[in-house]
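Structural features, examined
So you can see what is in the structure, the chains are spelled out below.
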Amino acid sequence: MSTVTTRSVCPFDCPDTCGLLVGVVDGRAIKVSGDPLHPVTRGLLCPKMLHYERSVHSPRRLTVPLLRSGAKGAGEFRPITWDEAIERICSRWKDLAARHGGESILPYSYAGTMGLVQRNSGHPFFHKLGASRLERTICSPAKDAGWKSLMGDTPAIDPAAIGQSDMVILWGINAVATSIHAMRDAMEARKRGARLWAIDTYRTPTCEAADEAFIVRPGGDGALALGMMHVIVREGLADQAFIDANVLGFDDFTAKILPDCTPERMSPLCGLSPETIERLAREYARAGSPFIRLGSGLTRYANGAMTVRTISCLPALTGAWQRPGGGLLAGTSTGSAFPVHKVTREDFIDKPTRLVSMNQLGAALTELDSPRVMGLYVYHSNPASIAPDQNAVISGLLRDDLFTVVHERFMTDTARYADIVLPATSSLEHPDLYRCYGGYHAQRCDAAIPAIGEAKSNWDVFCLLAEGMGWDEPFFRQSAEELIRQLIDFDTPWRDVATTERLRRGEPVMLTPPENQGRVWLTPSGKIEILNQREQEPLPRLLPTHAEGDGFPLRLQPAVTPQALNSSFYEQEELRRRQRCMELLMNPADAARRGLSSGDAVTVFNRLGQVGFTLDVTERVPPGTVVTEGVWWSEFIADGRGVNALTSQRLTDGGRGSTLYDVAVEVRACTVLKTT
Ligand SMILES: Nc1nc2c(c(=O)[nH]1)N[C@H]1C(S)=C(S)[C@@H](COP(=O)(O)OP(=O)(O)OC[C@H]3O[C@@H](n4cnc5c(=O)[nH]c(N)nc54)[C@H](O)[C@@H]3O)O[C@H]1N2
Ligand SMILES: Nc1nc2c(c(=O)[nH]1)N[C@H]1C(S)=C(S)[C@@H](COP(=O)(O)OP(=O)(O)OC[C@H]3O[C@@H](n4cnc5c(=O)[nH]c(N)nc54)[C@H](O)[C@@H]3O)O[C@H]1N2
Ligand SMILES: [Mo]
């Protein structure tokens, strides 16, 4: 049999949205590689996707619909047909809607696939059903809120501008793990002579690759930026001409906020010495075109939005924006490039139903009333692992009167608690259109292989459910291909006729962001608004984290691993082996104080829960901070609880985001767990 090579796109929640080449023999993917002709991927793939075929053809794939046959959470199921599954779900939902109202049903989805059709295909269905609406705010809404407060709708600078910078600051982003193409661009800039700094809470691989790394206290970056700005203003390093022409509120800021923000005062809050804060300020202000690439790490705190807003003031003070390669990139927004409303169909909402935060699923399932959540439909998300306050989520999922359906590729921790499990296709088995949130590329792709077993795509399942509900709405009688076509057949300044033609053909294309590139400020005043009277806090200032008030001595940093993506990829044994086991990284001083050493089984605890880890004593983390990487499946965890048994349902200051990184804990030796 000869190999047919097909183009596809990586569907995962990553800012790089890579172009893939998939080698297919007899309907089976045998090889996946980075598309060398893709303008951003340029042939380079991350370790997770190098063997995507191992996920797609994993023996762990779900292949038929399943009905629970044991107790909730016991993971005992028997196969049923699709007809029976759809019939059971629809009759139960009709009954729930009639008895308790549509709002007693809650959809839960996030980022298993980023494709515009498959990702959003539940929206029209649940709008029509009158279900509760999910606030999809687990990732980084605080980042958007912070940027918007200062910069309004000003479009992001082009990520490629990094190549013209003479100083690149990777701030709260572990690009070696989370955006390898941004890392490659940063390393290329470095080769051309740019200095590369990383600012993180522990020594990540990105820190190792940088010229210098600055290790801060979790949630302390606002203090660092304020200290730097104090020095910049005090030493006359601000660009007064730029400020006069472009910035609103500089005088208020320097009069009311900065005087208190001396490096000495900011030092204990951010964890860097006063001398380091001064040096960072001077070197940043004197750089020609410093480029700050802001990650999401520093946003998942009680002060996350304020931190982003404060850091974003730096290029406004020094005028870095004026020079090519200078400025700050929080993320690109290609939201208006495609008419996604044609998929989400907000017009199907009869009257607006209640919003439920995805960060508070535990409370939604255990406390919410009028009506109580009686039906939960989870698709392309794994909340039993990834949502904060895992113990609360699992208490909710254990409710006998809760009817839970999970549409999944694997028997995830969430699927284990389902009444009905539906098998989902992987991205190689369904068509979609992808746009990127870390750059400006887009690509359409067809299915590369047939569905595994009886797996169905998100869109196809919602069409079946609409039919099962007895709706005659023609919208649900279209194919995914037809929806994709509607997204592409749309006039927009983002692409010309030739680009649209290439998009239709399945080639990767670059979209052109409408004018601007950060030189015109799309705010109500037309200036960068350091002073923003629409905010509860009109000026950037210090805000505390949640963890500060929690009364536990160590800050826990749940971080990412290059070998997984949130809770995805744990099915690949090789990747899992490289992660060894659920480890806790701790500084030698903290370990010595507790009489702990590497390899010890430890229990990490706070008011929400306790979790077992294997200790790794290392200088990579500073005293006072402990770190764990990855979001493990419970079957690979000694006592079944993961890191999110320690994270809380509290929200960020702006954007109602998750505060997954804002965690205080204590650690003690564990007498029960055996070291693996
Ligand atoms: N390999 C891999 N890639 C991924 C993911 C994954 O799980 N694995 N997840 C994907 C998703 S959903 C997202 S949202 C992106 C996120 O990608 P990034 O923007 O890189 O965000 P994070 O990895 O959450 O955090 C980045 C870094 O911030 C650090 N950090 C945490 N708190 C602070 C702080 O207070 N200050 C500073 N300065 N640094 C801090 C963390 O230690 C981490 O090294 O990555 C995507 N890509
Ligand atoms: N402790 C801790 N918790 C975290 C994070 C962290 O860094 N640390 N990161 C947070 C962040 S930034 C995010 S964005 C969230 C992400 O949370 P999720 O969006 O839930 O991401 P995943 O854990 O990757 O789970 C996605 C699931 O979708 C399934 N899937 C993939 N494709 C399809 C499909 O086409 N159809 C269907 N039906 N299913 C599919 C996959 O098998 C997988 O189980 O997690 C958050 N939680
Ligand atoms: Mo995310």
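The structure displayed is predicted, hence computed values, not measured ones.

Let us now look at the overall build of the chain. Looking only at helices and strands, the chain features 25 helices and 27 strands. Its C-alpha atoms give the chain a radius of gyration of 25 Å, near enough to 26 Å, the size a compact globule of 676 residues would have. If you take every contact in the chain between residues at least 6 apart in sequence, the share linking residues at least 24 apart comes to 76%. When the accessible area of the chain is evaluated, it comes to approximately 24600 Å², of which 51% is carbon and sulfur surface. If you average the places of the 73 positive and of the 79 negative side-chain charges in the chain, the two averages end up 1 Å apart.

Of all five residues that make up strand β19 (residues 441-445), five are buried, and the element is covered over most of its length. Because side chains alternate across β19, one face comprises the buried residues H441, Q443 and C445, and the other comprises A442 and R444, equally buried. Across four bridges, the pairing between strand β18 (residues 432-435) and β19 is antiparallel. Its bridge partner lying in β19, L433 is registered against R444. Linkage of β18 to β19, two consecutive antiparallel strands, is achieved through a turn of five residues.

The geometry of helix α5 (residues 141-151) relative to helix α14 (residues 304-311) is characterised by a closest axis approach of 7 Å and an angle of 45° between their N-to-C directions. Considering the angle they form, α5 stands oblique to α14. Seen from above, α5 lies across α14 with right-handed handedness. Along its contact with α5, which presents A142, K143, A145, G146, W147, S149 and L150, the element α14 presents G304, A305, V308 and R309. Here the residues of the contact of α5 with α14 sort into six nonpolar, three polar and two charged.

Bringing empty space enclosed by the protein into the picture now. Under the defined criterion, the tally for this structure stands at three cavities of 30 Å³ or more. Each pocket or cavity is described by its volume, and for the largest cavity that value is around 140 Å³. Lining of the largest cavity is provided by 16 residues; of these, C10, C14, C18, C46 and K48 occupy positions nearest its centre. Listing elements by their share of the lining of the largest cavity, those giving two or more residues are α6 (175-178) and α7 (180-191). Split into classes, the residues belonging to the lining of the largest cavity amount to ten nonpolar, four polar and two charged. Mapped onto the domain boundaries, the lining of the largest cavity takes at least three residues apiece from domain 1 (4-56) and domain 3 (141-333 + 517-529). Of the volumes computed, that of the second largest cavity is approximately 40 Å³. In this structure, the second largest cavity is lined by I169, W171, W197, I199, M228, L280, Y284, I292 and L314.

By the secondary structure assignment, T500 is in helix α23 (residues 497-504). Not counting chain neighbours up to four residues away, the residues in contact with T500 comprise I488 and R495.

Below, the discussion takes up the packing of aromatic side chains. Summed over all chains, the structure comprises 31 aromatic pairs. Judged by centre distance (6.4 Å) and plane angle (85°), the ring pair of F242 and W521 falls under edge-to-face. Of this pair, F242 sits in helix α10 (residues 240-246) while W521 sits in the loop between β20 (509-510) and β21 (528-529), and the two are 279 residues apart along the sequence. In this structure, K456 packs its charged tip against the face of W82, placed 5.3 Å from the ring centre.

This part covers the pattern of salt bridges. Applying the stated criterion to the full structure yields 45 salt bridges. Here E278 and R234 are joined by a salt bridge, their closest N and O atoms 3.4 Å apart. Of the two residues, E278 sits in helix α13 (residues 274-286) while R234 sits in helix α9 (residues 221-234), which places them 44 residues apart along the sequence. Here E278 falls in the buried class, since its relative accessible area comes to 17%. Residue D662 pairs with R555 through a salt bridge whose shortest N-O separation is 3.5 Å.

Reading across the sheet, the three strands line up as β18-β19-β20 and stay open at both edges, with antiparallel pairing between neighbours. Each end of this open sheet is capped by a strand with a single partner; those strands are β18 and β20. With respect to the sheet, helix α22 (residues 480-488) is in contact with β18 and β19, its orientation differing from that of β18 by roughly 40°.

One ladder, built from six bridges, connects strand β2 (residues 19-25) with strand β3 (residues 28-34); its direction is antiparallel. Each bridged residue has a counterpart across the sheet, and for L21 the counterpart in β3 is S33. Hairpin geometry of β2 and β3 is characterised by an intervening segment of two residues between the two adjacent antiparallel strands and by a positive phi of about 50° at D26.

What follows deals with the domain arrangement of the chain. In terms of domain boundaries, the chain breaks down into domain 1 (4-56), domain 2 (66-138 + 345-427 + 454-478), domain 3 (141-333 + 517-529) and domain 4 (547-669). Each of domain 3 and domain 4 was reduced to a C-alpha centroid, and the two centroids are 27 Å apart. Listed by partner, the interface residues are 23 residues for domain 3 and 25 residues for domain 4. When the two sides are added together, the surface that domain 3 and domain 4 hide from each other amounts to roughly 1800 Å², 57% of it contributed by carbon and sulfur. Our count for the contact surface shared by domain 3 and domain 4 stands at zero salt bridges. Scanning the region where domain 3 abuts domain 4 turns up ten residue pairs in polar contact (both at pLDDT 80 or more). By residue class, the composition of the side of domain 3 that touches domain 4 is twelve nonpolar, eight polar and three charged.

Packing of helix α2 (residues 82-100) against helix α21 (residues 458-468) brings their axes to within 9 Å, and their N-to-C directions diverge by 60°. Here α21 runs oblique to α2, going by the angle between their axes. Seen from above, α2 lies across α21 with right-handed handedness. Facing W82, I86, I89, C90, W93 and K94 of α2, the residues of α21 in contact are V461, L464, L465 and G468. In terms of residue class, the contact of α2 with α21 is built from eight nonpolar, one polar and one charged.

Before going further, it helps to examine the sheet that holds strand β22 (residues 554-559). Taken in spatial order, the six strands close into a barrel running β22-β26-β23-β25-β24-β27, and their pairing is mixed. Pairs of neighbouring strands in the sheet enclose a mean axial angle of 45°, with direction left out of account. As judged from the three bridges shared by β22 and strand β27 (residues 663-669), these two strands associate in the antiparallel manner. Residue L556 lies in a different strand from β27, and its bridge partner there is V663.

Rules and cut-offs
- Residues numbered from 1 in each chain as written.
- Chains lettered and ligands numbered in written order.
- Predicted model: local features only at pLDDT ≥ 70, side-chain atom pairs only at ≥ 80, totals over all residues.
- Heavy atoms only, no water.
- Helix = DSSP H or I, 4+ residues; strand = E, 2+ residues; numbered from the N terminus.
- Rg over C-alpha atoms; globule rule 2.2 N^0.38 Å.
- Contact = heavy atoms within 4.5 Å.
- Areas by Shrake-Rupley, 256 points an atom, 1.4 Å probe, with all protein chains shown as cover.
- Lys, Arg positive; Asp, Glu negative; His and termini not counted.
- Charge placed at Lys NZ, Arg CZ, Asp CG, Glu CD.
- Buried < 20%, exposed > 50% of the residue type's maximum accessible area, 1.4 Å probe, protein only.
- Pairing = 2+ DSSP bridges.
- Axes fitted to C-alpha atoms, helices over the stretch in contact; angles between N-to-C directions.
- Parallel < 35°, antiparallel > 145°, perpendicular 65-115°, else oblique.
- Left-handed = near helix turned anticlockwise from the far one by under 90°.
- Nonpolar A, V, L, I, M, F, W, Y, C, P; charged D, E, K, R; others polar.
- 1 Å grid on protein atoms, 1.4 Å probe; cavity = no way out; pocket = protein on both sides within 12 Å on 5 of 7 lines; lining within 4 Å.
- Points joined across faces, edges and corners; volume = space filled by probe spheres on them.
- Domains from an automatic or database assignment.
- Phe/Tyr/Trp six-rings, centres within 6.5 Å; stacked < 30°, edge-to-face > 60°.
- Lys NZ or Arg CZ within 6 Å of the ring centre and 35° of its normal.
- Salt bridge = Lys/Arg side-chain N within 4 Å of Asp/Glu carboxyl O.
- Buried area = accessible area lost by both parts, 1.4 Å probe.
- Polar contact = N/O pair within 3.5 Å; in protein donor to acceptor, adjacent residues only side chain to side chain.

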